[in-house]
Amino acid sequence: MKKELKLLDEDGTETQLIESKHPDWEELSDPCPECGGTEFRHFTAEGGRYGIDGDVVKRRSDYWNSKRTLLTQCLSCKAVLQRHPAFDLLYELEEH
Ligand SMILES: [Zn+2]
């Protein structure tokens, strides 16, 4: 599954955002379906409630089961296994 979204700035600048999911891959415990690799570049986003306890900041709980994968890429063959369109707003994908 691959979907391309276009974001237009108010000055007309267009940014392409890509959402994709490899059909034969589900999670980090699965090897890369393209090459069998087991090392990944993996980015996530999440939110939570945090509090200060002495000198330490502790996460008390997450919000709304909020953890989302932004990108998972095989480090051996560079196949992108999962990509959220928000990744393109935050980072540039290293192809190597
Ligand atoms: Zn691979």
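Whatever comes next refers back to the structure up there.
Here the structure is a predicted model, which means the values were calculated and not measured.

> Summarise the overall build of the protein; cite the residues concerned and give the values.
Counting its secondary structure elements, the protein contains one helix and seven strands. The order of α-helices and β-strands along the protein, N terminus first, is β-β-β-β-β-β-β-α. Along the first, second and third principal axes, the C-alpha atoms of the protein reach 45 × 45 × 25 Å. Per-residue burial for the protein yields a buried fraction of 25% across its 96 residues. In the protein, 40% of the contacts between residues at least 6 apart in sequence involve partners at least 24 apart. As displayed, the protein offers around 7000 Å² of accessible surface, 47% of which is attributable to carbon and sulfur atoms. Distance from the positive charge centre (13 side chains) to the negative charge centre (20 side chains) of the protein: 6 Å.

> For the side chain of S66, give the residues involved together with the corresponding values.
Within the secondary structure layout, S66 lies in the loop between β5 (56–62) and β6 (68–74). Beyond its immediate sequence surroundings of up to four residues, S66 is in contact with A45, E46 and G47.

> Lay out the coordination of the zinc ion in plain terms, naming residues and giving numbers.
Coordination of the zinc ion by the protein involves C32 (SG), C35 (SG), C74 (SG) and C77 (SG), with metal-donor separations of 2.3 to 2.4 Å. In this structure, the zinc ion is surrounded by four donor atoms whose angles at the metal cover 103 to 115 degrees, and the resulting shape is tetrahedral. Take C74: its relative accessible area is 0%, and that puts it in the buried class.

> Let's hear about the pairing of strand β1 (residues 2–8): which residues, and what values?
In this structure, β1 lies alongside strand β2 (residues 14–21), joined through seven bridges in antiparallel fashion. In the strand pairing of β2, L5 is matched with L17.

Each value, and the rule that gives it
- Residues numbered from 1 in each chain as written.
- Predicted model: local features only at pLDDT ≥ 70, side-chain atom pairs only at ≥ 80, totals over all residues.
- Heavy atoms only, no water.
- Helix = DSSP H or I, 4+ residues; strand = E, 2+ residues; numbered from the N terminus.
- Buried < 20%, exposed > 50% of the residue type's maximum accessible area, 1.4 Å probe, protein only.
- Contact = heavy atoms within 4.5 Å.
- Areas by Shrake-Rupley, 256 points an atom, 1.4 Å probe, with all protein chains shown as cover.
- Lys, Arg positive; Asp, Glu negative; His and termini not counted.
- Charge placed at Lys NZ, Arg CZ, Asp CG, Glu CD.
- Donors = N, O, S within 2.8 Å, 3.2 Å for Na, K, Ca; no water.
- Tetrahedral: all angles 85-135°; square planar, octahedral: opposite > 155°, others 65-115°.
- Pairing = 2+ DSSP bridges.

Purely geometric numbers; function is a separate question.
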